[in-house]
Amino acid sequence: MDAIGLSGAEWLAVLRIGLGLWWLESWRHKDKKGWFERGTGIAWAADVAAKHRWGAVRSGFDTVVKPRPKAMAYVVVYAELALGLGLVAGFLTPVALVGGLLLNLLYLVLMIHDWAEQGQNAMMALISLVALFAMSWQTWSLDHAIGLF
């Protein structure tokens, strides 16, 4: 593969690290006090789910998230942090890429009628797929340094 400036593997590492920084920014800008103490994030998602035209989304949210809003707030917020750190450091990279892809797909389905967020979720999911199938952990990663994957 020909590339300009860096090797193809190094450009894929740049893409992976950039995706990790995007997840870290998603974590950084969240109002953690609002999410954890007042339940604002899950309350917003509950409102979106309640109005969703797909019954599976409504019932899935009611079954999985609604009974445990505080725990789910921690899961969402700290999943974004873990994804960001894992992708930037290149640690357990395939796990982080699959986890991020699934989280973006969940966000995409939940907010299918809110076009403001769809571009971000679609692009992050696409980057996750490319970074996963191109094995972006081959360069500049702890996985490569310690011989994982």
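Refer to the preceding data block for the structure.
Summarised in this report is the structure supplied together with it. Note that this is a predicted model, so its numbers are computed, not measured. (Residues numbered from 1 in each chain as written. Predicted model: local features only at pLDDT ≥ 70, side-chain atom pairs only at ≥ 80, totals over all residues. Heavy atoms only, no water.)

What tends to happen in soluble globular proteins is that the nonpolar side chains get buried as a cluster. By size, the foremost hydrophobic cluster in this structure holds 27 residues, and its most contacted members are Leu19, Trp23, Trp35, Ile42 and Leu97. Broken down by element, the residue count for this core peaks at six residues, all from helix 5 (residues 69-89). Residues in contact with Leu97, not counting those within four places in the same chain, are Leu19, Leu87, Ser128, Ala131, Leu132, Ser136 and Trp137. (Core = buried A, V, L, I, M, F, W, Y, C linked by side-chain atoms within 4.5 Å. Buried < 20%, exposed > 50% of the residue type's maximum accessible area, 1.4 Å probe, protein only. Helix = DSSP H or I, 4+ residues; strand = E, 2+ residues; numbered from the N terminus. Contact = heavy atoms within 4.5 Å.)

Attention now moves to the pattern of salt bridges. Across all of its chains, the model carries four salt bridges by this definition. Of the charged contacts, one joins Glu25 and Arg28 as a salt bridge, the two residues approaching to 2.8 Å between their closest N and O atoms. Pair noted here: Glu25 and Arg28 are both in helix 1 (residues 8-28), with a separation of three residues, about one helical turn. (Salt bridge = Lys/Arg side-chain N within 4 Å of Asp/Glu carboxyl O.)

On the surface, Phe91, Leu92, Val95, Leu142, Ile146, Leu148 and Phe149 cluster together into a nonpolar patch covering about 640 Å² of accessible area. Relative to the helices and strands, Phe149 resides in the segment after helix 8 (142-146). (Patch = residues over 30% accessible without salt bridge, like charges linked within 9 Å, V, L, I, M, F, W, Y side chains within 5 Å. Areas by Shrake-Rupley, 256 points an atom, 1.4 Å probe, with all protein chains shown as cover.)

Across the interface, helix 1 lies against helix 6 (residues 93-110) with an axial gap of 12 Å and an inter-helix angle of 50°. The pairing of helix 1 with helix 6 is recorded here as oblique in orientation. Pair helix 1 / helix 6 crosses with left-handed handedness. Residue-level inspection shows Arg16, Leu19 and Trp23 of helix 1 in contact with helix 6, the latter providing Thr93, Leu97, Gly100, Leu103, Asn104 and Tyr107. Of the residues assigned to the contact of helix 1 with helix 6, the class counts are five nonpolar, three polar and one charged. (Axes fitted to C-alpha atoms, helices over the stretch in contact; angles between N-to-C directions. Parallel < 35°, antiparallel > 145°, perpendicular 65-115°, else oblique. Left-handed = near helix turned anticlockwise from the far one by under 90°. Nonpolar A, V, L, I, M, F, W, Y, C, P; charged D, E, K, R; others polar.)

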